[in-house]
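Summary of the model geometry
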2 protein chains.
Amino acid sequence: MNEANGRILLAHGAGGRLTHELIESLFVRRFDNKPLAALDDSAELKLPDDCRIAFTTDGYVVKPIEFPGGDIGRIAVCGTVNDLAMLGARPLGLSVALILEEGLERETLNRIVDSMADAAKEAGVELVTGDTKVVERGAASGLYIVTSGVGMIPYGLSLSGRNARVGDAVLVSGTLGDHGITVMNAREGLGFEGDLRSDAAPLNGLVENMLSVHSSVRVLRDLTRGGLATALNEISRASGVLIEIEETAVPVRNSVLAGCQMLGLDPLYVANEGKLVAMVDETYASGVLRAMRDHPRGREAVRIGTVLKGEAGVVMRTPIGGARRLLMLDGDPLPRIC
Amino acid sequence: MNEANGRILLAHGAGGRLTHELIESLFVRRFDNKPLAALDDSAELKLPDDCRIAFTTDGYVVKPIEFPGGDIGRIAVCGTVNDLAMLGARPLGLSVALILEEGLERETLNRIVDSMADAAKEAGVELVTGDTKVVERGAASGLYIVTSGVGMIPYGLSLSGRNARVGDAVLVSGTLGDHGITVMNAREGLGFEGDLRSDAAPLNGLVENMLSVHSSVRVLRDLTRGGLATALNEISRASGVLIEIEETAVPVRNSVLAGCQMLGLDPLYVANEGKLVAMVDETYASGVLRAMRDHPRGREAVRIGTVLKGEAGVVMRTPIGGARRLLMLDGDPLPRIC
């Protein structure tokens, strides 16, 4: 890489010799699998009979690209694994498209791709195909990543935001707002003390635990942009139900709460990268909760509410007996958080 | 869209109300299919038994975003359809991830997404899932698009850059360099006269025609970044064969040749968005050529060379009887061409 002085050149995106060298050194060494090693433009995946697949994509533009508990590579892998997991799908393969800014340090890029490799290993998924483009200085900030994923949906399983039923228990897998406040703190140099760390993590293992409690799980949704309040609004609309949650039951770390208060934010609207909400058959709710707590990514899982009959919407009961209507996120209090 | 004055706001990428409105108005209306309409984070696709799928991704950063014969939306759809087609796969679904610059005009975005819808219809593929992010002014130029695709590989078919065999005929589907020179002309205001138009087009129909000539096609590669010379080098390396082409047989439009000469470029290295090269069993080469010419995207298909025994590499025979070794593209003479 002498000719590049350890930095990304436009020619690394031109499709020629330098692109090949970059892909060999960046991906083929770290992600050692047959479809990727073929270096054809598509990867071939073999599927079992009578198969339904889940297919998803997500772009990542988080700023800064590295922060406590994660980086843009980690959330790019986890976010796509999690989107697949929310349909109950086991990941079969991921693709990665990089848009790099000319001049990006190779060392930085290596760290990000190392982090992708670590996250992929943690999730048990392979990166099977990809693409790299380079834009000139100033036409991107560092790098953007788009990951897509294909997963296999187990036979007979049907999870969807449309499946919530009156009486279902509403569970969350842990504390809310950690990712968003950590990124804001890192970006703005707010200097909040304490244990702020992104929760970025693959949730497919947690979901497998939950699905082992027979057909009790109806809806899963990961709590990314827009946070819990937006996810609940989406589910409420899609299923045509009212969702009620208890304010005191919603878990938020003190450090995150302090950060939210200083920034004038509501943790219910702040992005997470390793948390989910589930609508679960009331009868089996305690069994699903136990299964969640048995997994490292669900130790702090709790029930926060119930699905009710009524006009679509989300209502939060406050400790003093009041009720507050939670709307979808409006505006963008936390740009480029993922 | 009053609140946005017809322009994209950061809040359109925040995951809340404006994101939902944008997605509804931009995608759900244009791409009317069941997986997309569910608006879950992943799309579910049903597959037949004993299925192998192809999975691919590509990023698009072309500048300008609109040019004669196409735009960033058209090449984003065609490029991904074509990557699938190069494995012989029939497209099952596409995903699209948009990275928008704050302030982008809604009108421009609408035109680009209309163009994606037209190209998808032309290719007979559905857009089934997506994601939209917005970065602040100056952190992108207009918009970047990443499309991924899943396709079904017909039973028993195996195309790969590793399959070229000594004696195979080398065919191209039409003239070379049209896309690259058209984009350069539009971007730099070079003012070349004539019939310059991008060749951006889906090639899956052409490939189906070619594959109907029993199992005679061994390698397909679309001629994007790096052009014909780079694609031939990739195939030559992957298959461990020497590839020889005839300079006089390679079809290049006069207007493209003139543009290349003014810019000091070699059309063999210039990007195409609707052309492919094929390595075909010699015995059936004329049948495959006829099948190609029967399709609108292959009217000007010709044989340009032969696969030979020898050290991996690409050699071009010149009209005066000489031979020139063609290397992979080095450097980036045409940045942001796709």
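Treat the numbers as computed from the prediction; the structure is a model and nothing was measured. (Residues numbered from 1 in each chain as written. Chains lettered and ligands numbered in written order. Predicted model: local features only at pLDDT ≥ 70, side-chain atom pairs only at ≥ 80, totals over all residues. Heavy atoms only, no water.)

**Examining the overall build of chain A**
Applied cut-off: Elements are defined by DSSP. Helices are runs of H or I of four residues or more, strands are runs of E of two residues or more, and each kind is numbered from the N terminus. In this description the radius of gyration comes from C-alpha coordinates, and the expected globular size is given by 2.2 Å times residues to the power 0.38. Only protein chains enter the area calculation, which uses a 1.4 Å probe; residues under 20% of their type maximum are buried, those over 50% are exposed, and those in between are partly exposed. Every residue pair with non-hydrogen atoms within 4.5 Å of one another is taken to be in contact. Under the convention used here, Asp and Glu are negative, Lys and Arg are positive, and both His and the chain ends fall outside the count. We put the charge of a Lys on NZ, of an Arg on CZ, of an Asp on CG and of a Glu on CD.
Scanning chain A from N- to C-terminus turns up 9 helices and 14 strands. For chain A, whose C-alpha radius of gyration is 21 Å, the value lies close to the compact-globule estimate of 20 Å for 338 residues. Along the first, second and third principal axes, the C-alpha atoms of chain A reach 65 × 55 × 30 Å. Within chain A, the fraction of its 338 residues that count as buried is 64%. Sequence separation of at least 24 residues holds for 86% of the intrachain contacts in chain A that already meet a minimum separation of 6. Once the 35 positive and 44 negative side-chain charges of chain A are each reduced to a mean point, those two points are 3 Å apart.

**Regarding the relation of the copies chain A and chain B**
What counts, and what does not: Alignment of the copies relies on least squares applied to C-alpha atoms, considering only residues that score at least 70 for pLDDT in both.
If you rotate chain A by 180° and push it 0.0 Å along the axis, it lands on chain B with an RMSD of 0.0 Å. Those values place the two copies in the arrangement expected of a two-fold rotation axis.

**Details of the packing of aromatic side chains**
Geometrically, a pair of aromatic rings is defined through the distance of the ring centres and the angle of the planes. For the record, the criterion: Pairing of aromatic side chains here covers Phe, Tyr and the six-membered ring of Trp, requires ring centres within 6.5 Å, and sorts the geometry by plane angle: under 30 degrees stacked, over 60 edge-to-face, intermediate tilted.
This model, assessed by the stated rule, comprises 3 aromatic pairs over all chains. Judged by centre distance (6.4 Å) and plane angle (85°), the rings of Phe55(A) and Phe55(B) are edge-to-face. Of the two residues, Phe55(A) sits in strand E2 (residues 52–60) while Phe55(B) sits in strand E2 (residues 52–60), which places them in two different chains. The class for Phe55(A) is buried, based on a relative accessible area of 0%.

**Structural notes on the packing of helix H1 (residues 17–28) of chain B against helix H4 (residues 106–123) of chain B**
Residue and element names in this part refer to chain B. To be explicit about the condition: Every angle, taken between N-to-C directions, lies between 0 and 180 degrees, and every axis is a line fitted to C-alpha atoms, over only the stretch in contact when it is a helix. By the definition adopted for this analysis, an angle is roughly parallel if under 35 degrees, roughly antiparallel if over 145, roughly perpendicular if from 65 to 115, and oblique otherwise. Asp, Glu, Lys and Arg are counted as charged, while Ala, Val, Leu, Ile, Met, Phe, Trp, Tyr, Cys and Pro are counted as nonpolar; the rest, among them Gly, fall into the polar class.
Remark: H1 packs on H4, axes separated minimally by 10 Å, with the N-to-C direction vectors making an angle of 40°. In terms of orientation, H1 lies oblique with respect to H4. In this structure, H1 uses Leu 22, Ser 25, Leu 26 and Phe 27 to contact H4, whose residues at the interface are Arg 106, Leu 109, Asn 110 and Val 113. Here the residues of the contact of H1 with H4 sort into 5 nonpolar, 2 polar and 1 charged.

**Some points on the interface of chain A and chain B**
Quick reminder of the rule: Joining two parts hides part of their accessible area as seen by a 1.4 Å probe, and the buried area is that hidden amount summed over both. Between Lys or Arg on one side and Asp or Glu on the other, a salt bridge is scored when a side-chain nitrogen of the former is within 4 Å of a carboxyl oxygen of the latter. Paired strands are those between which DSSP finds at least two bridges.
Each partner contributes residues to the interface: chain A has 76 residues there, and chain B has 76 residues. At the boundary of chain A with chain B, total buried surface from both sides reaches about 6,300 Å², with 53% on carbon and sulfur atoms. Area buried by chain A at its contact with chain B is led by Asp41(A), Phe55(A) and Arg225(A), which between them contribute 12% of it. Joining chain A to chain B, the criterion identifies 12 salt bridges. Grouping the constituent residues of the side of chain A that touches chain B by class yields 32 nonpolar, 22 polar and 22 charged. Two elements, strand E1 (residues 43–46) of chain A and E2(B), share 4 bridges in a ladder whose sense is antiparallel. Within E2(B), the position partnered with Glu44(A) by the bridge is Ala54(B).

**Comments concerning the pairing of strand E7 (residues 143–153) of chain A**
All names here are of chain A. Judged by how many residues are buried, E7 sits mostly within the fold: 11 of 11 residues are covered. Burial along E7 is two-sided: the residues Leu 143, Ile 145, Thr 147, Gly 149, Gly 151 and Ile 153 and Tyr 144, Val 146, Ser 148, Val 150 and Met 152 are all buried. Note that E2 and E7 share 9 bridges and pair antiparallel. In the sheet register, Ile 53 faces E7, and the bridge partner there is Met 152. Taken together, the 10 bridges between strand E5 (residues 90–101) and E7 define a ladder with antiparallel strand orientation. Bridge pairing links Leu 98 to Ile 145 in E7.

**A look at the pairing of strand E13 (residues 313–317) of chain B**
Residue and element names in this part refer to chain B. A large share of E13 lies buried, amounting to 4 of its 5 residues. Examined bridge by bridge, strand E10 (residues 242–246) and E13 share 5 bridges and lie parallel to one another. Each bridged residue has a counterpart across the sheet, and for Leu 242 the counterpart in E13 is Gly 313. When E13 meets strand E14 (residues 323–326), the two strands line up antiparallel, connected through 4 bridges. Along E14, the bridge assignment pairs Arg 317 with Ala 323.

**So, the sheet that holds strand E14 (residues 323–326) of chain A**
Residue and element names in this part refer to chain A. An order of E9-E11-E8-E12-E10-E13-E14 is seen for the 7 strands of this open sheet, with the pairing classed as mixed. The strands lining the two open edges of the sheet, one partner per strand, are strand E9 (217–222) and E14. The average undirected angle you get between the axes of adjacent strands in this sheet is 25°. Relative to strand E12 (residues 302–308), strand E8 (residues 169–172) runs antiparallel, the two being bridged by 4 bridges. Bridging from a neighbouring strand, Val 170 pairs with Gly 305 of E12.

**Quick notes on unusual backbone geometry**
Where the residue is not glycine, phi is negative for most of them; where a peptide bond is considered, it is trans in most cases. Residue and element names in this part refer to chain A. Put simply, Lys 63 and Pro 64 share a cis peptide bond, and its omega is 0°. Among the secondary structure elements, Pro 64 is positioned in the loop between E2 and strand E3 (66–67). Non-glycine residue Arg 336 carries a positive phi angle of around 50°. Relative to the assigned elements, Arg 336 resides in the segment after E14. For Arg 336, a relative accessible area of 6% corresponds to the buried category.

**Looking at the domain arrangement of chain A**
Quite often, the size of an interface is put as the accessible area lost when its parts meet. Residue and element names in this part refer to chain A. Our working rule: The split into domains, and so the bounds of each, comes from an automatic or database assignment of domains. We define a polar contact as two N or O atoms separated by no more than 3.5 Å, with the added condition that, inside protein, one atom must be a possible hydrogen donor and the other a possible acceptor, whereas residues neighbouring each other in sequence contribute only through side-chain atom pairs.
Split by domain assignment, chain A resolves into domain 1 (10–153) and domain 2 (169–326). If you average the C-alpha positions of domain 1 and of domain 2, the two centres end up 27 Å apart. A combined buried area of about 1,800 Å² lies between domain 1 and domain 2, and 61% of that area is made up of carbon and sulfur atoms. When residues of domain 1 are sorted by the area they lose upon contact with domain 2, Pro 68, Asn 82 and Met 86 head the list and together hold 29% of the total. Here domain 1 and domain 2 share 2 salt bridges between them. For Glu 208, the salt bridge goes to Arg 90, with nearest N and O atoms at 3.1 Å. Here domain 1 and domain 2 share 8 residue pairs in polar contact (both at pLDDT 80 or more) between them. Those elements giving two or more residues to the side of domain 1 that touches domain 2 turn out to be helix H3 (72–85), E5 and helix H4 (106–123).

**What to know about the pattern of salt bridges**
Summed over all chains, the structure comprises 50 salt bridges over all chains. When the shortest N-O distance is used, the salt bridge between Arg253(A) and Glu300(A) registers 3.5 Å. Here Glu300(A) lies in the loop between helix H9 (285–293) and E12 and Arg253(A) lies in the loop between strand E10 (242–246) and helix H8 (254–263), a separation of 47 residues in the sequence. Overall, the relative accessible area of 27% leaves Arg253(A) in the partly exposed class. On the basis of relative accessible area, Glu300(A) is assigned to the partly exposed category, the value being 40%. Taking the shortest distance from any N to any O, the salt bridge between Arg30(B) and Asp114(B) comes out at 2.5 Å. Here the residue Arg30(B) occupies a position in the loop between H1 and helix H2 (34–37), and Asp114(B) occupies one in helix H4, the gap between them amounting to 84 residues. With relative accessibility at 24%, the residue Arg30(B) sits in the partly exposed group.

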